[in-house]
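Single-letter residue listing:
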Amino acid sequence: MIRRLIGAVLTLFAVSVITFLIFFGLPRLAGDSPVSLAARYTGKTADEATAVAMAHRLGFFDPIYVQYGRWAKAIFVGADYNAGAGIEHCSAPCFGYSFITHEAVWPDMISRLPVTLSLAVGAAILWLVAGIATGVLSALKRGSAFDRAAMGVALAGVSLPIFFTGLLALSIFSYKLGWTAPGSTYTPITQNPALWAYDLILPWVTLAFLYAAAYARLTRAGMLESMGEDYTRTARAKGLPEKTVVTKHGLRAALTPIMTIFGLDVGLLLGGAFLTETTFSLQGIGKFAVDAIPAHDLPKVMGVTMLATFFIIAANLIVDLMYSVIDPRVRLS
Amino acid sequence: MTSVIRPTADGRSPRAFLEVRELCIHFPTEDGLVKSVDGLSYSLERGKTLGIVGESGSGKSVTSLAVLGLYNRNNAQMSGEIWVDGEEIVSASPETVRKLRGRKMAIIFQDPLSSMHPFYTVGDQIIEAYRVHNKVTKAVARKHAIDMLGRVAIPQPAKRVDDYPHQFSGGMRQRAMIAMAMSCDPELLIADEPTTALDVTVQAQILDLMRDLQREFNSALIIITHDLGVVAELADDVLVMYAGKAIEYGPAVEIFERPEHPYTWGLLASMPRLDRELSDRLIPIKGTPPSLINVPSGCAFHPRCSYAGLTNGASLNVVPELARGASHLVRCHLSVETRQQIWQREIKQELEGTA
C-alpha cells in the first residue's frame, strides 16, 4: 500500500515535469524566444519593450528547470506575484497566476469543481444503474426482442458523440418541449436541490446514455459468462431461487470488471467533462480548460492537467483497493 | 433373447426410490438434433450405489443433470419419466423441482474449484445451501456448516469455515463440495466424476468418504465416471452407456465377472492394471465415440465392434433391444451363447494376461 502511494506521488511528479516541459520547454526548442512567447500576453499593439518586460515578469528568461522549480515550489509554499497592479500573495496550493486574467489559478479552478462533481456523480449513478440493469436483462433474455433492441440502442449510444446527442436533446427537450433547462445554468445543491437537479438532468442523461451503453454491453457479456460458469450451476443445484442465483452468484462475479472501469471513468470525468460541459455551457473544470487553451493561458492548463492527473491516479488507487474487497483472491495475504 | 424390459409410461407410482423410465433428452441445434440420452431406464434404492460408465459424450452427465432438473428447459426436449421418492421430475414445475434440489437430491461436480464461487467463503456457501431449505438463523447454519466440514474430515473446521475456496487444496475443496451437498441430508446423491480432477492419492480418500457418508445417511448414490476402478470400488449396480443408450446394465459383480457387451470388454481392456506385464500394451477401443447428431444406424457401436460381422448384417440396420443376457441386461445382436464363448475364450484370457 505504501509502495502504491509512493508510486502515485512519483507519477504525479512525472506528469508535472512532462507537461511543464511540453508547455514551457518545447516552444523554445521550436525556435520561440522568451520575448516572442511573452508577446502573446501583452496584446497585439504592445511594443518590443513591453514584451521584454513581460518575459522578465513571467520568468521566461530563466532556465527551464528554474522555471519548473518556481512553479513546483509555489504549490507547497505559495508565491508572490506581481500581476501589474502591485505584489499579490498566492497562498499554497498555488498553481500560479493566469497570464490572461491575472487571477490565481487554484481558487478559480476549485470554484468550478462543484459543477463537474455534480455532473459526474449524477451521471455516474444514472449510467451505472441503467447500464447494469439493461445488461442483466439482456443477458437473461438473450436473443429476445428486448435484447436486440437494447443492444441496438447501446451500439448507437457508444457511437454517437456528446455534441450530437447533447444538441439533439437540447433542441427537443429544452427548446421544442421546454421540459428542461436550456443549459448554461447551474444552481448549487446547497441552495436549491430541486433546481440543481432540474438544471443538470439533461446533461446527466446525455452523458449517462453514452456510458450506460458501454456498461450495458459489458454487463451483458459478463453475465453471459458468469451464468454459464460451474459455480452458477452449483448455486442452482443447491435449490436457490433463480433470483438469488442471478444476483448473488451471477451478477456478483460479473461486477468485478465493471467496478474497475467505473472507478476509472469517474476519475477521468472529474478531471473535466470537456464535451458535455461545452455542449451545455456548464462552467466546470472542462469548460475552464477549454476556455484557457486557445488563450494560451498556460498556468490554467497546467492546473487542470495536474487536477485531472490527480483524480485519475486517485481513482486508480481506489479501484485497486476496491478490487481486493470485491475479489478475495487478490487480497494481500 | 429372453424377456424384454420395457418400463411402462402409465404413470403408476414406481416401486423403487429412484426410477428413470424411457428418458430421452434431445437438443435441437443448427447442425441437427443431438440425442444426448435416448430411451434410458434404470432404478435405484436408498442405500445402494449405481455406477454409470461411459466415454465422454455418452450422455451420462446429461442424465444426472436431468434428474436434478438442471437442464435448460428452453433448448432441451425431454420425454420419459424420472421418479424420485414418488415425485415425477420431468413434468413437474421448475419451482417444485427447485425445492427438491439440494434437499432431497444433491450433486457433486467434477471440478471443485470452478464449482465453488470464488468470491464467497466455503462456510458461506455451505450456510447458503443449508438455509435455502431450513428456516434457521445464520448462527445455527454456521454451526451446522462447521459440523459438516468436520464430518468430511477438514482439519480445524471452525477456522477453515471462513476460508475461500482458493485457500483450500483440491482434495479439501471436493470434501467441502461434499459437505455442501450433504448439508441437507439428501436421500439421493449424484457424484459426477467426483475424483477426475483430483490427485490419485486423494481419489481413494474421497471415495472412502463418500461410501462412509452414504452408509451414514442411507442415501442412494449415483457415481458417474469413465473410471472403472471407481465403479468397482463403490457400485452395487453398473450401467454402461454408449451414444445415449444403456448397453449393459446389471449387478456390478456380474458386469465385472461376466461382461457380455463388446464395448464393455473394450472398456475393461483399456484399463491400466498393475498386474499386467510391462510389455503388454493397453488395448484401446478402436475408432472414436460416435457423433450424437449422426448416430450410426443399427447398433450404434457397430463401426467400432470387432464382432459386428457375426450378426449377419443385423447390426448395420437394426437397433438391438436391451435384453436379458445370461445374468443381466445387454444391448447386443450376438446371441448369449456367442457372447459367453467370446468372453471365456478370448477376452477374459487376454485381460488376465494369459493369452
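Residues numbered from 1 in each chain as written. Chains lettered and ligands numbered in written order. Predicted model: local features only at pLDDT ≥ 70, side-chain atom pairs only at ≥ 80, totals over all residues.

**So, the sheet that holds strand 4 (residues 77-84) of chain B**
Residue and element names in this part refer to chain B.
Turning to step 1, where the next piece is worked out: Across the sheet, 4 strands lie side by side as 2-1-4-5; this open sheet has antiparallel pairing. Two strands lie at the open edges of the sheet, namely strand 2 (32-44) and strand 5 (87-88), each paired on one side alone.
Turning to step 2, where the next piece is worked out: Looking at chain direction, strand 1 (residues 18-29) and strand 2 are connected through 10 bridges and run antiparallel. Within strand 2, the residue paired with C24 across the bridge is D38. (Pairing = 2+ DSSP bridges. Helix = DSSP H or I, 4+ residues; strand = E, 2+ residues; numbered from the N terminus.)

**Points about the domain arrangement of chain B**
Turning to step 1, where the next piece is worked out: As far as domains go, chain B holds domain 1 (115-185) and domain 2 (255-352).
Turning to step 2, where the next piece is worked out: The distance between the C-alpha centroids of domain 1 of chain B and domain 2 of chain B comes to 43 Å. (Domains from an automatic or database assignment.)

**Here we look at the interface of chain A and chain B**
Turning to step 1, where the next piece is worked out: Of the residues lining the interface, 17 residues belong to chain A; the matching set on chain B comes to 23 residues.
Turning to step 2, where the next piece is worked out: Of all the secondary-structure elements, those providing two or more residues to the side of chain A that touches chain B are helix 9 (230-237) and helix 10 (242-270) of chain A.
Turning to step 3, where the next piece is worked out: Here the side of chain A that touches chain B takes 6 residues from helix 9 of chain A, the largest share from any one element.
Turning to step 4, where the next piece is worked out: Here the residues of the side of chain A that touches chain B sort into 6 nonpolar, 3 polar and 8 charged. (Contact = placed C-beta atoms within 7 Å. Nonpolar A, V, L, I, M, F, W, Y, C, P; charged D, E, K, R; others polar.)

**Quick word on the domain arrangement of chain A**
Residue and element names in this part refer to chain A.
Turning to step 1, where the next piece is worked out: Domain annotation for chain A reports domain 1 (2-77) and domain 2 (108-330).
Turning to step 2, where the next piece is worked out: Each of domain 1 and domain 2 has a C-alpha centre, and the two are 35 Å apart.
Turning to step 3, where the next piece is worked out: In this assembly, 10 residues from domain 1 lie in contact with 11 residues from domain 2.
Turning to step 4, where the next piece is worked out: Taken together, the residues that form the side of domain 1 that touches domain 2 break down as 5 nonpolar, 3 polar and 2 charged.

**Describing helix 1 (residues 2-29) of chain A**
All names here are of chain A.
Turning to step 1, where the next piece is worked out: Taking 1.5 Å of rise per residue, the 28 residues of helix 1 would be expected to cover 40 Å, and the 38 Å separating its terminal C-alpha atoms lies within 8% of that figure.
Turning to step 2, where the next piece is worked out: At I22, helix 1 shows its maximal bend, which comes to roughly 40°.
Turning to step 3, where the next piece is worked out: Note on helix 1: the residue one or two positions beyond its end, G31, has a positive phi of about 110°. (Expected span 1.5 Å × (residues − 1). Bend = angle between axes of the 7 residues up to and from the residue.)

**Thoughts on helix 7 (residues 162-176) of chain A**
All names here are of chain A.
Turning to step 1, where the next piece is worked out: Its maximal kink placed at L170, helix 7 deviates by approximately 25°.
Turning to step 2, where the next piece is worked out: If you check which residues of helix 7 are buried, you get I162, G166, A169 and L170.
Turning to step 3, where the next piece is worked out: Contacts made by the buried residues of helix 7 are with helix 8 (193-227) and helix 11 (274-279).
Turning to step 4, where the next piece is worked out: Count one or two residues on from helix 7 and you reach G178, which has phi positive near 70°. (Buried ≥ 20, exposed ≤ 12 C-beta atoms within 10 Å, placed from the backbone.)

**Structural notes on the sheet that holds strand 10 (residues 245-251) of chain B**
Residues and elements named next belong to chain B.
Turning to step 1, where the next piece is worked out: With mixed pairing, the 8 strands of this open sheet are ordered in space as 6-7-8-3-9-10-12-11. Looking at strand neighbours, the two that pair on one side only are strand 6 (105-108) and strand 11 (322-324), the edges of this open sheet. The sheet shows a mean angle of 20° between the axes of neighbouring strands, direction not considered.
Turning to step 2, where the next piece is worked out: With 6 bridges connecting them, strand 9 (residues 237-242) and strand 10 associate as antiparallel partners. Paired with L239 across the strands is Y249, a residue of strand 10.
Turning to step 3, where the next piece is worked out: Across the sheet, helix 11 (residues 262-269) is in contact with strand 3 (49-53), strand 9 and strand 10; its angle to strand 9 comes to roughly 105°. (Axes fitted to C-alpha atoms, helices over the stretch in contact; angles between N-to-C directions.)

**Focus on the pairing of strand 4 of chain B**
Residues and elements named next belong to chain B.
Turning to step 1, where the next piece is worked out: Pairing of strand 1 with strand 4 involves 7 bridges; the strand directions are antiparallel. The residue of strand 4 that forms the bridge with R21 is E81.
Turning to step 2, where the next piece is worked out: Taken together, the 2 bridges between strand 4 and strand 5 define a ladder with antiparallel strand orientation. Looking across to strand 5, one finds that V84 is bridged to E87.
Turning to step 3, where the next piece is worked out: Taking the residues between adjacent antiparallel strands as the criterion, strand 4 and strand 5 are bridged by 2 residues, where D85 takes a positive phi near 50°.

**Comments concerning the packing of helix 4 (residues 122-133) of chain B against helix 5 (residues 138-151) of chain B**
Residue and element names in this part refer to chain B.
Turning to step 1, where the next piece is worked out: Running from amino to carboxyl end, helix 4 crosses helix 5 at an angle of 115°, the nearest separation of the two axes being 9 Å. With respect to helix 5, the axis of helix 4 lies roughly perpendicular. You can see that helix 4 and helix 5 cross each other, and the crossing is right-handed. Contact with helix 4, carried on its side by G123, I126, I127, Y130 and R131, involves K138, A141, R142, H144, A145 and M148 of helix 5 and no other residues of that element. (Parallel < 35°, antiparallel > 145°, perpendicular 65-115°, else oblique. Left-handed = near helix turned anticlockwise from the far one by under 90°.)

**Description of the packing of helix 4 of chain B against helix 7 (residues 170-182) of chain B**
Residue and element names in this part refer to chain B.
Turning to step 1, where the next piece is worked out: Taken N-terminus to C-terminus, the directions of helix 4 and helix 7 make an angle of 20°; their axes are 8 Å apart at the nearest point. In terms of their interaxial angle, helix 4 and helix 7 are classed as roughly parallel. When the axes of helix 4 and helix 7 are compared, the crossing they make is right-handed. Each of V122, Q125, I126 and A129 in helix 4 lies in contact with helix 7, whose residues at this interface are A176, A179 and M180.
Turning to step 2, where the next piece is worked out: A per-class count over the contact of helix 4 with helix 7 returns 6 nonpolar, 1 polar and no charged.

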